[in-house]
Amino acid sequence: MGNSYAGQLRTTRFEEVLHNSIEASLRSNTVVPRPVFSQLYLETEQPLAHDGRTENDDEDDEDGSESNSPPIPYQMKPPPEGCCTTDGFCQAGRDLRLPSLASDPLDVPPGFMLVGVKSPSLPETLLVCAVDRRFLPDERGRNALLGFSGNCMGCGEKGFRYFTEFSNHINLKLSTQPKKQKHLKYHLYRNNQGVLVKGAPICWRGHDGRIRQMGSSLSEGHVTSDEQPPNLASHTPGSYTAGSHVDPTGLPQITDVPHSLTNGNHAVPPITQPPLNQSGPGRPSVTGPHANAGPPKKRHKGWSPESSANSLPESTVKTPPSSSALSTLSMSSAVTNGTRAETAAPLSSSQGSSTPLSPPGLSVTVPDELLHTCRLQPVIFKGHGPLPQLTGNVSEVLVSSLLQSCYLSSQTLPRVYQHYGPSPIQPLSTEMQILLTVYYLVQLGPDQVPLIEDLEQIFMRSWRESHLSEIRQYQQPQTPATQGRHYGIETPSTLPGLPQYLSLPHQSQQPLTPSQLPWLAQLAASSCGEGVVVLGEQIRSLAQGLQQTFSRLMEGRLENTNYVVIIVTAPGQETQSCVVVTGKHQCRALAESMYSPNEGLKEINHQLSTGVAQDLIHFCNSLGQDGDMDSLLDRATVDSSEPSPLSSSQESTEDRSLKNTHSPKDTHSPKDTLTQCSKDSPSPKERASSPKDTCSEYSVEWREVRPIQLAVARKLLSHVCAIADSSTQNLDLGSFDRVSFLILVPPSEVTFQQTVLHLWSSGVLQELGSLDQECVSQRDAERYVVKMDQSAQARIDSLIQEAHSNSYTLYILVHDHAHWDISSASYSSSDGGLGLVDQLLNSRQVRDAPNILILHVTSFPFALQTQYTRISPYNEIHWPSAFSNDVDLYHERTRYFGVSELLESTRSGSSLPLMRYDSSFESMASALEERFPKLHSAVIRTTVLIQHYCVALMATSGRIGSSHNLHKHTSVETLEIVQSLLTAAQQCPAHHGHMVLLRIPSLALAAWAHRRLSRVRRQLGLEECFEIILGNPSQALNVGQTFTDQIKTWLKIQDSDWVPCTYLELEALPCILILSGAEPLGESLPRSLKYCDLRVISCSYLQRTTLEQELGLAAYLVRAESRPPHNPGPGSDLLESDAEKLSSTDNEEEEGQENGDSPLSSSQQLQSCPDSGAVDPLSAQSTTSPNVQRGIVDTVQSPSQSQTQCQSQTSTQSFPHPQSTTQHQTQPQVQSYSQAQTISQLQPQSQIQSQTQTQTPNPQTQPPPLAQARHAHSKSTSSGSLSPRASSPHLSCSWARGVSRPPSVLLPRALYDIITASDSSGLPRCTSFLPHMSVAWASSFRPLLSKMMTCTEQSLYYRQWTVPRSHHMDSSNRTEGRSDNFHPRRLLLSGPPQVGKTGAYLHFLGILSRMLIRLMEVDIYDEEDINYSAQAEGVQYHPPNAPWPNPDIMRTMPFDYTIHDPKYDDISAVYCPGYRPSAEGNPVRQEEVYLRRRTSRIKLSKYAAYNTYHHCEQCHQYLGFNPRYQMYESTLHAFTFTHLLLGEEIQLYFIIPKSKEHYFSFSQPGGQLESMRLPLTSDWSPDCIKSPIFTPTTGRHEHGLFNLYHAMDGASHLHILVVKEYEMAVYKKYWPNHIMLVLPTVFNGAGIGAAHFLIKELSYHNLELERSRRLEGGGPAGDVWPFIILADDSCVMWNTVDLDARNGPAEHAVSLKQVLQHMEACPDLAHYGLCGIRKWSSRGVTGNRQREPFSRGHLHDFLLLNVDRSQNIQYDQNRFTCHDVDFTLRLHSAGLLVCRFNGFSVMKKQIAIGGYRTFIIKTKMTDVPTSVGPSQYVCAPDSKHLFLATPAQLLLEKYLQHTSQKLFPLSTKNYTHPVLSVDCYLNLGPEVTVCFVSSRPHSVNIGTTGLLFSGLLLCFADSFVTPGFLKKFTFLKGATLCVISADRSSLRQTVGRLELEEEWRFRLSDEFQTANAKEDRPLFFLTGKHI
């Protein structure tokens, strides 16, 4: 079998895996081999551990055999008789030895190579053969096809397909299985003399221990081209530090086996250590000793060793979960199959236990005073081998296992690779890992911190490099689009940690041995001086190395060293290593990242509360020789008599500097007068009220719903409908009649209020009918929003109770900001309030409630997209991109500007980036960090930053004399922020300004910063200029009264108690918002946000969610109009004219459009504006690089100059900056530049320009930009007012200008570098980080995210490659062996921050509610009755409240011939003597009945009839659809009866479900159907309807209302659907539990008349059968119930009239059961031939005509028919239209009583599909509908006419309806001269009146004496029509006769028999036939004129 694929290029793995699987199952006794498909497709499986085998030095060692059990003895086949068996000769006797053939010319076929074969019997020579090179490996030992193909070079025999066969032929005489790897040893080649000689050995990888090319493992790290680094991802929250606990089921489990296989050069005594066969997360592992049967050979890697003794239950694999999120990464080191092999090296390379097992006596003492002496706390990274025990001053050293866990996961191959290929794919060797680590550390910058993600990615890249061909070969069969990405193979290039100049040893060299490692590492480290020190050559143990490191540290010899790498390589021992971090910056960063976020905040609080930070604050307060800050401020406060240029204040002298945290606002004492912002401007209160000071540009419209939000709401709705439509029955939308909801938000007061505000203003509450329109206040809206704190428990419990009791209400739980709390309830601490979401939303009650649907909404869904997620990928809704190729898909007026656009702005190079760092701040902060090593960096950075703000305020205020060089003590960035904050409000008449956001995560630091800034502001007298707000998530917003009044004026709010509750309401308020809290909790910021200062956020937690969450604060909606058309490339200069055009159009647009954009707005995810720099016109103001334009733009001027300033500001909007200088190069110039700015604050513009020109010698700034700037400035100065609408010619609103530009973001340098770097796929680095702290990567061997991935693909990526940690709420969501871990009623809406998700989901709630109401509503025909005469009769026959009609009274009532049903307003009126039609008559209506008729939307009552789409719990059994029951079986029964009219036996079929058989009687059980059982008249039961209900239907199997379960209110009833034969199957499919009556085939084309005819005749026949059955049983025959119900298939609801209602008679819904039981209970019902009920109309109960409770007249749609009394009157089986009018007229003329119960009405639903009225007239030829006019429906007999494929009767009826005014010209609009129609009623069109008379003897007819008829219609006249009968009637002269017959002969007979030619004149041309072919039996008619 081994070589069975010889000669075929089989690259697919399928056969191979199948082969492995079969072989494994053949070899195994107990183990069930792994399924083939899971081997092929489960990539993230956990790997097998390395098996503990060492290689022995025997050349003939078995190929990768998985144990060293004895080989199977091999019996060679005996050679054929008579052949040669001499060694060195083939069986044909030819010499094959190399010396003999060396100089012979040999014939080598193309594609073959000469190979030397080693024969065991001839060790000194080689045998020559030719082998197909495809079956041989290349020089790197790869790409050999499995199998063999070779030729014998002796006898020339070709085509050996098996090596076994070939080895027999060349007489190898082997004792073991022949293997090509063992015996094909050398390449042969011809030397210069042409002699064949032995060449290089064939590189069978992993075979010969001595010649194996271990250089390949060196080359693993070798980098060949220049690709970007792969995405890096951290394994732990700490990212650099203590590896956190990783969920053991998800991460690789590694057995404690020495890696003797990783490098063949150091052999260890062989041990038989069975591998731990871990088969994927959650699957039980099976291990055990090897059985005697040998392991599979060659490629059979699928074999798993058997286990009987040591089976390892999975529970032992799990390590105890660690309490802290950052505990050490505890790998399952103790799991070594029960016993640790004693022979194993004691220090195993894969050991990862968190408590190192060090030999006794090896401990290291940490020296005292280490921190004090070195001013740092060293961090020791555990590497390979156990760390010695530390003693002594251990608190000053930190130990992290992050590096160790990285090593482990990088050596844990995915299982899928272990099955692959002829040779095993090896992981990186220990030596290689250490060397790569050194390379990585060497290239790190002096202030860079090592990132484990980077290192891991380097390992992965190196490993891929060395195994590229195998992986490629492995991937070939997969589809490139999907799996091709699994292992991220790209063309390799420079790694992040590996510059090209650091080349690794080349692969052709010898493998990297432990002895070479130390000097190679030292060689690498030598390139960076003292930066990295390698201790390795003399070091004998890790303890010695650590001791040496500590002593060097204490001696100060490591002052310039950042990392010490200790390597221990002792012969016969595993290589050990560890890394000691000794750089001050690196140690601090790593130490801080070891804290969890909460621990970090606690540490900061501790430092602040214990006063450790006081020294730092005092140090910062000193401004060196410029004095002390506090004293300067005090002087400024005392010196308040002279007004400052910016503000003057009359301060109360009491010192308010010390305020506690709880009152963050400055409380003004009553005697304080309002301070003034400038000398001549009135106070805010006054100016707010003065009418001239209003800003015409201000408008807040964030409440509107944008088109993209509508689109997302619809997507949400369609997902909900998809859940409902699926066959899973998880959501029954049809059963809900209303929506209720609860929105869960994080515990932030501002977020809570903001959601309430959105909810209140969205109108959803009014729409849901929750509240009255008038009384809605925000207070009411608060009931629907709940903060996820302890109060949430009660709210959700009450919702669950409510949901339980209101099963008809659909409850939506909206979980907003869903990534915030994903902690498992079992792990969460009670105080933090975390774990609530898990406890409440994942509870069994919520999960199982069929009417609760959960919608998670988040900007960062990654933590909810793991392998164990509860949300199906099909239930994810991603925010769509609003722009595609710059086309605005949703016609938004806005563009979303988010994280990716911010990043794009840093790369565009054409203007100042919106996102940048502040280098002068960074240098100050790092200097102080060295000075105060014990303080947390957040404390230091915050102190420095607040200091900068305070100094900038002092410098800008003008209160401090210019002699103090204050600008030196702040940074240019901060100065610019403060200047722009102070000046903005002065430029606007209404004093609109902008917001500066200061993000300080620690609450304590934020409170301190707030107090400090408030004090400085008060001392500088700036309290009226801007507000300082402390944003504490747990407290409500607190804004000073002055500013609140200002906002109320702007927003035109009258309520005196109103205060702003959300940041959105601070729109245009000049303020500094200090936003605190560990992470933002979904607070939206106003559009006036201009600066987002994130300089003090933590750099420790590098997860994608954490980073994007902070950057998301700056996300913004930019007005789409303000974008310049295209981005001119970097450095390109726009022409001056273009600049003018651009700036003017920009301004016009900006002023002209209204500001209709909400701050929550449209997205374009991961799609960035190409010119995002140009989007930000203010970018001129915002970086540290010197900038000519800043001189113009940013100077602080007095109000008189502000107009020129803002003009220049807007004009610069149009230029991208021509120079992009790097920030740190020009720092000194920046300082002097800002100095110029501050000194010259009040000088005129031109001077400032000249100064900045002279003072800023910047070689990169070329003259043109300066000229441009000057030009723009002068132009704008002369161009007058900026806005035509501005109230003052001198001022303009900076807020309005700012709305169309995103805010600028300032970041810490470390984060800036990380975020702006991009990986090899072009994505930002941050996207490749671990997505969230609560998840871990499933494997290091994952691919990278790709730039082309859509959100859906990203979701699938995270679902495949991340697993939740044990404290994640989804970690428990894994059911063994089940794939349905998804919760069926959970949706996830994700979209970027601030894009408008709240508006979208609120709108979704609204449209969902509307849809449910729409589902609960139907369109009911709502038309007034027609043809009522003006004078209603005043006679009252019955009292209004009479329950039943009296037959005697009914007989005295006149029969109303007039048709009142509005559906018949287009048919001929029936002549009635007392009736006078109204003058205008009825309007003629077109054919499309469904489009023209009036309908009303009516909500379904609980007694409605339903179609197939309704399936509630109660109906399931009724419908036969309940999954618990088997689909109802039904049987087909034939039923035959004869009828005279049909002239033959009719065979009908009944389909009777088993559950309904009791309604029928059979000859025997299961035998012949005899009859349908009928009750007796005397029977009565409250839960039973006696009359069988027949519903004829066609074309409405889905839409017909056949579900009468609710209409009958549960009463038992017999309901029969009457269907055509060709529709039988489809009706049976949709209604499996209904009885069907199938019409005979001949009726397939018939109309409704035929169906009613058959129902009635069958019922009468059945009545007689039942009577005879009763007689046989000895009962009375006449007592059988004779009534049936004929119901239309569109009757939906029934109503009854309530006469006692307060406001006169009123109708209310009632069940069909009640209607029928009432009618059936009528005492004299047997006297009536036909009963019916009224048709509903919304105006039906009003007016006189309905006072009479019963009436005699036409009945339609819903009939109770007495088949006994009406036995002799049949429905006309040929009729298609008006059959009921015809039947009622004939019934009445026969003297039967017809009664309509006016107390009941039926509602008919408009169903636009199917029905008996939809007959299509098509031609016989084409069989497609054609537009044939009615005149074409008839033709002259025997003419060549277009025949139609339509029944003749229908053609005739349609012809008469449409052309009768030509046929009966005298009758048109002539009511007093009707057409006489004998024995039938035919519709002659609305213009013609028909007078019906019956020719039967004793029939009841109207008196026709004195009546002149305008025509006579005789249709199929029978023998009752005689000449004498016709002579009773008189006709007008010229009246028309029309005689209709079935054929021409009967037509002539009729004319002759009735002697018509006496009074009527006929012409030959007056004979017609319907346009049917002869075989379709046309009808004939003859017309004539009265003489």
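Residues numbered from 1 in each chain as written. Predicted model: local features only at pLDDT ≥ 70, side-chain atom pairs only at ≥ 80, totals over all residues. Heavy atoms only, no water.

### Some points on the overall build of the chain
Then comes step 1: A tally of regular secondary structure across the chain gives 54 helices and 54 strands.
Then comes step 2: Residue pairs in contact within the chain that sit at least 24 positions apart in sequence constitute 77% of those at least 6 positions apart.
Then comes step 3: Split by element, the accessible area of the chain, about 75000 Å² in all, is 53% carbon and sulfur. (Helix = DSSP H or I, 4+ residues; strand = E, 2+ residues; numbered from the N terminus. Contact = heavy atoms within 4.5 Å. Areas by Shrake-Rupley, 256 points an atom, 1.4 Å probe, with all protein chains shown as cover.)

### A closer look at the packing of aromatic side chains
Then comes step 1: Within this structure, the stated rule accounts for 31 aromatic pairs.
Then comes step 2: On the basis of an interplanar angle of 35° and a centroid distance of 5.7 Å, the ring pair of Tyr-407 and Phe-459 is categorised as tilted. Of this pair, Tyr-407 sits in helix H8 (residues 402-411) while Phe-459 sits in helix H11 (residues 452-466), and the two are 52 residues apart along the sequence.
Then comes step 3: Consider the rings of Phe-1931 and Trp-1960, whose centres lie 5.1 Å apart with planes at 70°: the pair is edge-to-face. A residue pair is termed long-range when its members are at least 10 positions apart, and Phe-1931 in strand S52 (residues 1930-1941) and Trp-1960 in strand S53 (residues 1960-1970) qualify at 29 residues. Trp-1960 carries the same exposure label as Phe-1931, and that label is buried.
Then comes step 4: One aromatic cluster in this structure is built from Phe-1909, Phe-1925, Phe-1929, Phe-1931 and Trp-1960.
Then comes step 5: Looking at Arg-1342, its charged tip hangs above the ring of Trp-1337, at a distance of 4.0 Å from the centre.
Then comes step 6: One cation-aromatic arrangement involves Lys-1586 over Trp-1681; the distance from NZ or CZ to the ring centre is 4.1 Å. (Phe/Tyr/Trp six-rings, centres within 6.5 Å; stacked < 30°, edge-to-face > 60°. Buried < 20%, exposed > 50% of the residue type's maximum accessible area, 1.4 Å probe, protein only. Lys NZ or Arg CZ within 6 Å of the ring centre and 35° of its normal.)

### Things to note about the packing of H8 against helix H10 (residues 430-443)
Then comes step 1: Running from amino to carboxyl end, H8 crosses H10 at an angle of 130°, the nearest separation of the two axes being 11 Å. One way to sum up the angle between H8 and H10 is to call them oblique. The handedness of the crossing between H8 and H10 is right-handed. Facing Tyr-407, Ser-410 and Gln-411 of H8, the residues of H10 in contact are Thr-430, Gln-433, Ile-434 and Thr-437.
Then comes step 2: The residue inventory of the contact of H8 with H10, partitioned by class, reads two nonpolar, five polar and no charged. (Axes fitted to C-alpha atoms, helices over the stretch in contact; angles between N-to-C directions. Parallel < 35°, antiparallel > 145°, perpendicular 65-115°, else oblique. Left-handed = near helix turned anticlockwise from the far one by under 90°. Nonpolar A, V, L, I, M, F, W, Y, C, P; charged D, E, K, R; others polar.)

### Examining the pattern of salt bridges
Then comes step 1: For the structure on display, the rule yields 53 salt bridges.
Then comes step 2: Within the structure, one salt-bridge network assembled from shared partners comprises Lys-1463, Asp-1688, Asp-1757 and Lys-1804. (Salt bridge = Lys/Arg side-chain N within 4 Å of Asp/Glu carboxyl O.)

### A look at the pairing of strand S54 (residues 1980-1986)
Then comes step 1: Within S54, six of the seven residues are buried, which leaves it mostly tucked inside the rest of the structure.
Then comes step 2: As defined by bridge partners, S52 adjoins S54 across six bridges and the pair is classed as antiparallel. Counted as the bridge partner of Ile-1940 is Phe-1981 from S54.
Then comes step 3: Pairing of S53 with S54 involves six bridges; the strand directions are antiparallel. Its bridge partner lying in S54, Glu-1967 is registered against Leu-1982. (Pairing = 2+ DSSP bridges.)

### A word on the nonpolar core
It is characteristic of soluble globular proteins that their nonpolar side chains tend to be buried jointly.
Then comes step 1: Judged by nonpolar contacts, the single largest core of 120 residues is most densely connected at Ile-380, Leu-546, Ile-566, Leu-1066 and Val-1305.
Then comes step 2: Per-element tally for this core: the top contributor is H10, with nine residues.
Then comes step 3: If sequence neighbours within four positions are ignored, Val-1305 has contacts with Leu-902, Leu-914, Met-915, Arg-916, Cys-1092, Leu-1094, Leu-1111 and Ala-1114. (Core = buried A, V, L, I, M, F, W, Y, C linked by side-chain atoms within 4.5 Å.)

### Comments concerning the sheet that holds strand S3 (residues 150-152)
Then comes step 1: With respect to topology, five strands assemble into an open sheet ordered S3-S2-S1-S4-S5, the strand pairing being antiparallel. Across the chains shown, the open sheet's two edge strands, defined by having one partner strand only, are S3 and strand S5 (196-201). Averaged over all pairs of adjacent strands, the angle between strand axes in this sheet comes to 45°, irrespective of strand direction.

### Here we look at the sheet that holds strand S13 (residues 738-745)
Then comes step 1: Spatial ordering of the open sheet is given by S14-S13-S15-S16-S30-S17, a layout of six strands whose pairing is parallel. Edge positions in the sheet fall to strand S14 (785-787) and strand S17 (876-878), since each of these pairs with one other strand and no more. Across the sheet, the mean angle separating the axes of adjacent strands is 20° when strand polarity is ignored.
Then comes step 2: Pairing geometry for S13 and S14, over three bridges, is parallel. Bridge pairing links Ile-743 to Val-785 in S14.

### Observations regarding unusual backbone geometry
Then comes step 1: Here Lys-1052, not a glycine, exhibits a phi torsion of approximately 55°, which is positive.
Then comes step 2: One can find Lys-1052 in the loop between helix H32 (1041-1051) and strand S24 (1071-1075).
Then comes step 3: Residues other than glycine seldom take positive phi values, yet Ala-1068 does so here, at roughly 75°.
Then comes step 4: Residue placement: Ala-1068 occurs in the loop between H32 and S24.

### Some remarks on the environment of Lys-1713
Then comes step 1: One can find Lys-1713 in helix H50 (residues 1712-1720).
Then comes step 2: Taking the C-alpha atoms as reference points, Lys-1713 and Asp-1609, 104 residues apart in sequence, are found 6.5 Å from one another.
Then comes step 3: When near neighbours in sequence (up to four residues on either side) are disregarded, Lys-1713 contacts Pro-1582, Asp-1583, Ile-1585, Ala-1607, Met-1608, Asp-1609 and Ala-1611.

### Digging into the pairing of strand S7 (residues 379-382)
Then comes step 1: Across the two faces of S7 the burial is the same, with Val-379 and Phe-381 and Ile-380 and Lys-382 all buried.
Then comes step 2: The sheet contact formed by S7 and strand S9 (residues 398-400) spans three bridges and is parallel. Residue pairing in the sheet places Val-379 in a bridge with Leu-398 of S9.

### As for the side chain of His-1533
Then comes step 1: Here His-1533 shows up in strand S34 (residues 1530-1539).
Then comes step 2: The class for His-1533 is buried, based on a relative accessible area of 8%.
Then comes step 3: A distance of 2.8 Å separates a polar atom in the side chain of His-1533 from a polar atom in the side chain of Thr-1531.
Then comes step 4: Setting aside residues no more than four positions away along its own chain, His-1533 makes contact with Leu-1548, Tyr-1549, Phe-1550, Ile-1552, Phe-1562, Gly-1567 and Leu-1569. (Polar contact = N/O pair within 3.5 Å; in protein donor to acceptor, adjacent residues only side chain to side chain.)

### Describing the packing of helix H21 (residues 749-762) against helix H44 (residues 1397-1415)
Then comes step 1: One way to put it is that H21 packs onto H44 with a least axis distance of 10 Å and a crossing angle of 45°. Judged by the inter-axis angle, H21 sits oblique to H44. For the element pair H21 and H44, the recorded crossing hand is right-handed. Of the residues in H44, those in contact with Thr-755, His-758, Leu-759 and Ser-762 of H21 are Thr-1398, Tyr-1401 and Leu-1402.
Then comes step 2: Residue classes in the contact of H21 with H44 are distributed as three nonpolar, four polar and no charged.

### Let's talk about H32
Then comes step 1: Here H32 lies mainly inside the structure; eight of its 11 residues are buried.
Then comes step 2: Where H32 is concerned, the buried positions are Thr-1042, Phe-1043, Thr-1044, Asp-1045, Gln-1046, Ile-1047, Lys-1048 and Trp-1050.
Then comes step 3: Following H32 by one or two positions, Lys-1052 adopts a phi angle in the positive range, close to 55°.

### Thoughts on the environment of Val-712
Then comes step 1: Note on placement: Val-712 falls in helix H20 (residues 707-725).
Then comes step 2: Residue classification places Val-712 among the buried residues on the basis of a relative accessible area of 0%.
Then comes step 3: Separated by 691 residues in sequence, Val-712 and His-1403 have C-alpha atoms that sit 9.1 Å apart.

### Focus: the confidence of the model for the chain
Then comes step 1: Per-residue confidence for the chain gives a mean pLDDT of 76, with 71% of residues at or over 70.
Then comes step 2: In this model, residues 29-71 is a region of pLDDT below 50 whose contacts with residues beyond four sequence positions or in other chains number 134 contacts. (pLDDT = per-residue confidence, 0-100.)

### Things to note about helix H54 (residues 1944-1953)
Then comes step 1: Taken residue by residue, H54 has Ser-1946, Leu-1947, Thr-1950 and Val-1951 as its buried positions. All buried residues of H54 fall inside an arc of 140° around its axis, so they share one side.
Then comes step 2: In this fold, the buried residues of H54 make contact with S52, S53 and S54.
Then comes step 3: At the C-terminal side of H54, Glu-1955 shows a positive phi close to 50°. (Arc of directions from axis to C-beta.)

### Side note on the environment of Glu-1083
Then comes step 1: One can find Glu-1083 in the loop between S24 and strand S25 (1089-1093).
Then comes step 2: Looking at Glu-1083, the relative accessible area reads 5%, which means it is buried.
Then comes step 3: Residues Glu-1083 and Pro-746 lie 337 residues apart in sequence; the distance between their C-alpha atoms is 9.9 Å.
Then comes step 4: A distance of 3.0 Å separates a polar atom in the side chain of Glu-1083 from a polar atom in the side chain of Ser-748.

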